[in-house]
Amino acid sequence: MCSVVGIYGNENASKLCFYSLFSMQHRGQEAAGISSSDGKHIKTLKNRGLVTQIFKEEHFKILKGDMAIGHTRYSTAGNDSILDAQPVFARYGLGEISIVHNGNLVNAKEIRNELTKKGAIFQTNMDTENIIHLIAKDYTKNTLKERIIDAVKKIKGAFSLIILSRSKMFAIRDPFGFRPLSLGKLKSGGYIVASETCAFDLVGAEFIRDIKPGEMVIFEHNKIKSEMIFEPNLKQCIFEYIYFARPDSQVFGKNVYHMRKEMGKELAKELPVNADMVVPVPDSGVAAALGYSQQSGIPFEMAIMRNHYVGRTFIEPTQEIRDLKVKMKLSPIKYKIKGKKLVVIDDSIVRGTTSRRIVRMLREAGAKEVHMRIASPATIDPCYYGVDTPTKEELIASKMSIEKICEYIEADSLAYLSINGIIKAIKDKKENYCFACFDGNYPIL
Ligand code: AMP
C-alpha cells in the first residue's frame, strides 16, 4: 500500500505535501518523495525512510512552486531500493512530468516486455514507470491530457494516480476505484487530492468529494475540470476499512473508525463468547474490540500495551525478525489478565505469527482462557491491487482449516467475521467492493 497527495495553487505546496504525507505515513514507511513545479521546472526529492527523516527545512527552498505531488511507499511492486521510491520523474517530448501511484497494475509485465522490445530502457522495477513510458512514446498525440488518457487505457489494475506537469496536475482513479482518492479545498488557497482525508484535517482543507472511479480531474489555470474516461465498475477495497486506512479518515464516503466498530458489533452478534473482558490487539483491533464490547456488554480493557516506536511487524523480511518484533511491540498487563477469560480481537490474521505470539504471551501472563475473534474473514488469497499480502502459500488460512489455525495459535477458540457480517456492518452493496483476499473473486486479472 502507498499514499499519494497532490497540492495545486498554493504557495506552500511542497510543505503541505510534506504534512499530508506525514499524516498518511501508516500507508507506507519504506520511502517517500515530493516533486514540485514552479511553472518552469519540476524538482524532485525522494529517499528511503520516514517522511520526517527525509525532509529538512532547507529542502523546501528547493521544492519551490505552487504545485506539488508526494508519495509514501510500501513496496508491493518493485523492490526497496531508492530507485523504486516515488515520484517517478522524466523529461520527455512535451517537457517534464512526474507521477505518483497507489495501487498495482496487473498487466505491468506484458507492457514492460512490449516497451523493452521497442527499445525502452527502464530505471526502476516499478509498474509505475510503465505509465511514464506510455505517455512519452505516444508521439501521435500533441497534448499531455490525450497522452495520459491513451496510457491509462492500456494499463489494467488498481491505480489512484496524480500526474504533475510544469503547469498542470491530473488526478485519475481506475474504473474499479480499488484505492481511495479524495478531493478537497485548502483554506489557505488551492486544492488538495489525497489518498485519505486525514491529510485534509492536518493541512486545513475541506473535503469536497471523492474522485470518482473512472474519472480524471484536471487542475489548470486555477480551475478544476472533470472528465469521465472509463465507465465505472465499482470494486472498492474492503481491506481499507478492515486494516489499512486511518480511523479518522472518510474512505469511500464512510468513516473508517465507525466501520471498524460496526464490524466489531457484528462479530459479537455472530460469534459470542462467555468471557470476562474484551481485549484488543493494539492498534489494529481497538475499534472493533470497542464495538464487540458495546454489543456484548463484556467490559473492554486495554490489557495489551503497544510500544509505538516499533514499526509494523509484517514489513520485516525474515521470520526470525518478525517474531522478535512482535515481542518488542506488544506486552501484556499481567495484573489485569491473571485468572481471566479473555476474548481477544484483531483485524486480521495473515501468516499467524502475531496471533500465536499474543496467545502465548497472554497465557504466560496468567490468562485462564484466550478466545481469538477476528474482525474480518479468513485471508485465503493474495491481493494483486496494492495491499502487500504474501503469496498464497504463506497465508495460513489458505493451507489450514480454522480448527488447525486455532491449534497452531494455541487459542481456546478462534472465529472470523463472515463476509455477510462485513456487509451488514458497512450497510452497502457487496458488489461495490473487492473481497478477493477473502473469496478469491478477482475483479481483474
Ligand atoms: P501475521 O502475524 O502475519 O498474521 O500478521 C497479522 C497482523 O498484521 C494483524 O495484526 C494485522 O493488523 C496486520 N496486517 C494485516 N495485513 C497487513 C498488511 N498488508 N500490512 C501490514 N500489516 C498487516
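For every chain, the first residue of the written sequence is number 1, and numbering continues from 1 along that sequence. Residues qualify for local features only when their pLDDT is at least 70, as the model is predicted, and side-chain atom pairs are given and counted only at 80 or more; totals for whole chains, interfaces and linings, by contrast, use all residues. To get the side-chain values, take all heavy atoms of the structure and skip hydrogens and water.

1. Details of a nonpolar patch on the surface
Patch members must show over 30% relative accessible area and no salt bridge, and they are joined within 9 Å when carrying like charges or within 5 Å when they are nonpolar side chains of Val, Leu, Ile, Met, Phe, Trp or Tyr. The Shrake-Rupley method, run with a 1.4 Å probe sphere, supplies the accessible areas, and residue values consider only the shown protein chains as cover. Whenever a carboxyl oxygen of Asp or Glu lies within 4 Å of a side-chain nitrogen of Lys or Arg, that contact is scored as a salt bridge. On the surface, Y19, F22 and L202 cluster together into a nonpolar patch covering about 300 Å² of accessible area. Helix and strand assignments follow DSSP, with helices taken as H or I runs no shorter than four residues and strands as E runs no shorter than two, numbered in order from the N terminus. One can find F22 in helix α1 (residues 13-23). In this scheme, a residue with accessible area under 20% of its type's maximum is buried, one over 50% is exposed, and one in between is partly exposed, where area comes from a 1.4 Å probe on protein chains only. When its relative accessible area of 45% is taken as the criterion, F22 is described as partly exposed.

2. What about the packing of helix α9 (residues 256-270) against helix α10 (residues 286-296)?
A fitted line through C-alpha atoms serves as each axis, taken over the contacting stretch for helices, and the angle formed by two N-to-C directions is quoted from 0 to 180°. Two elements in contact, α9 and α10, have axes whose closest approach is 6 Å; the angle formed by their N-to-C orientations is 45°. In terms of orientation, α9 lies oblique with respect to α10. Like other packed secondary-structure pairs, α9 and α10 cross with a definite hand, here right-handed. Taking contact as the criterion, the partners of Y257, R260, K261, G264, K265, L267, A268 and K269 in α9 are, on α10, A287, A288, L290, G291, Y292, Q294, Q295 and S296. The classification used treats Ala, Val, Leu, Ile, Met, Phe, Trp, Tyr, Cys and Pro as nonpolar, Asp, Glu, Lys and Arg as charged, and all other residues, Gly among them, as polar. Taken together, the residues that form the contact of α9 with α10 break down as 7 nonpolar, 5 polar and 4 charged. For this classification, under 35 degrees means roughly parallel, over 145 means roughly antiparallel, 65 to 115 means roughly perpendicular, and everything else is oblique. In a left-handed crossing the near helix is turned counterclockwise from the far helix by less than a right angle, and in a right-handed crossing that turn is clockwise. Here, residues are in contact when the closest pair of their heavy atoms is within 4.5 Å.

3. Observations concerning the pattern of salt bridges
Under the defined criterion, the tally for this structure stands at 23 salt bridges. In this structure, E220 and K168 form a salt bridge, with 3.8 Å as the shortest nitrogen-oxygen distance. Separated by 52 residues along the polypeptide, E220 in strand β12 (residues 215-220) and K168 in the loop between β7 (160-165) and β8 (169-173) bring together distant segments of the chain. Taking relative accessible area as the criterion, K168 reaches 24% and is therefore assigned partly exposed. D381 serves as the salt-bridge partner of K392, at 2.9 Å between the closest nitrogen and oxygen. Taken together, the residues K392 in the loop between β21 (369-374) and α14 (396-399) and D381 in the loop between β21 and α14 connect sequence positions 11 residues apart.

4. Re the site of the ligand
Put simply, a residue is near a molecule or strand once any heavy atom of it comes within 4 Å of that molecule or strand. Taken together, 17 residues lie near the ligand, and Y74, D346, D347, G352 and T354 sit nearest. Polar contacts, as used here, are pairs of N or O atoms within 3.5 Å; protein pairs need one atom able to donate a hydrogen and one able to accept it. Residues neighboring in sequence count only if both atoms are side-chain atoms. One of the side-chain nitrogen or oxygen atoms of D346 is found 2.7 Å away from an oxygen atom of the ligand. A distance of 3.3 Å is found between an oxygen atom of the ligand and a backbone nitrogen or oxygen belonging to T353. Relative to its unbound accessible surface of 500 Å², the ligand loses 96% to contact with the protein. If you list the elements that add at least two residues to the shell around the ligand, you get α8 (239-244) and α13 (353-364). Counting residues per element, the shell around the ligand draws most heavily on α8, which supplies 3 residues. Its residues placed into classes, the shell around the ligand shows 8 nonpolar, 5 polar and 4 charged.

5. Here's the deal with the pairing of β12
Taken across its 6 residues, β12 has 6 buried, putting it largely inside the fold. Strand pairing is defined by DSSP finding a minimum of two bridges between the two strands. As paired strands, β8 and β12 are joined by 4 bridges and run antiparallel to one another. Residue pairing for β12: F170 is matched across the bridge by I218. Pairing of β12 with strand β13 (residues 223-228), which is carried by 6 bridges, proceeds in the antiparallel orientation.

6. Some words on the packing of aromatic side chains
Geometry of aromatic contacts follows a simple scheme: Phe, Tyr and Trp rings, the Trp one being its six-membered ring, pair when their centres are within 6.5 Å, and the pair is stacked under 30 degrees between planes, edge-to-face over 60, tilted otherwise. This structure, assessed with the given rule, holds 18 aromatic pairs. Centre to centre, the rings of Y241 and Y433 are 6.1 Å apart; their planes meet at 45°, and the pair counts as tilted. Residue Y241 is located in helix α8, and its partner Y433 is located in strand β23 (residues 433-434); the two are separated by 192 residues in the primary sequence. Y241 gets classed as buried once you look at its relative accessible area, which sits at 0%. In this structure Y433 comes out as buried when scored by relative accessible area, which is 3%. A ring pair is formed by Y243 and F244, whose centres lie 5.4 Å apart and whose planes are at 85°; its orientation type is edge-to-face. Judged by its relative accessible area of 2%, F244 falls in the buried class. Taking the ring centre of F122 as reference, the NZ or CZ of R112 above it sits at 4.0 Å. Any Lys NZ or Arg CZ that is within 6 Å of a ring centre and within 35 degrees of that ring's normal is treated as a charge sitting over the ring.

7. Comments concerning the sheet that holds β13
Taken in spatial order, the 6 strands of this open sheet run β5-β6-β7-β8-β12-β13, and their pairing is antiparallel. Every other strand in the sheet has two partners, leaving β5 (88-92) and β13 as the edge strands with one partner each. Put simply, the sheet's adjacent strands are angled 20° from each other on average, direction ignored. Sheet contacts for helix α5 (residues 128-137): β5, β6 (95-102) and β7; angle to β6, the most-contacted strand, approximately 145°.

8. Structural notes on helix α16 (residues 419-426)
Across the 8 residues that make up α16, a large majority, 6, are buried. Packed against the buried residues of α16 are α8, β16 (254-255), α9, β23 and α17 (436-439). Just beyond α16, the residue with positive phi is K427, at close to 50°.

9. Considerations on the nonpolar core
In this text, buried Ala, Val, Leu, Ile, Met, Phe, Trp, Tyr and Cys residues form a nonpolar core when linked through side-chain atoms within 4.5 Å. I238, Y241 and M263 are the most contacted members of the largest nonpolar core, which totals 48 residues. Breaking this core down by element, the ones donating at least two residues are α8, α9, α10, β20 (341-346), α16, β23 and α17. The split of the chain into domains comes from an automatic or database domain assignment. Both domain 1 (3-233) and domain 2 (256-428) contribute no fewer than three residues apiece to this core. Contact partners of M263, with chain neighbours within four places excluded, come to Y241, I242, A375, L417, I422, A425 and I426.

10. A closer look at unusual backbone geometry
The omega angle of the peptide bond from Q86 to P87 is 5°, so this bond is cis rather than trans. Here P87 lies in the loop between β4 (67-73) and β5. Put simply, P282 and D283 share a cis peptide bond, and its omega is -5°. Among the secondary structure elements, D283 is positioned in the loop between β17 (277-280) and α10. Its identity is not glycine, yet F252 carries a phi of approximately 50°, on the positive side. For F252, the position within the fold is in the loop between β15 (250-251) and β16. You can call F252 buried: its relative accessible area is 8%. Positive phi is not limited to glycine here, since E410 has a value of about 60°.

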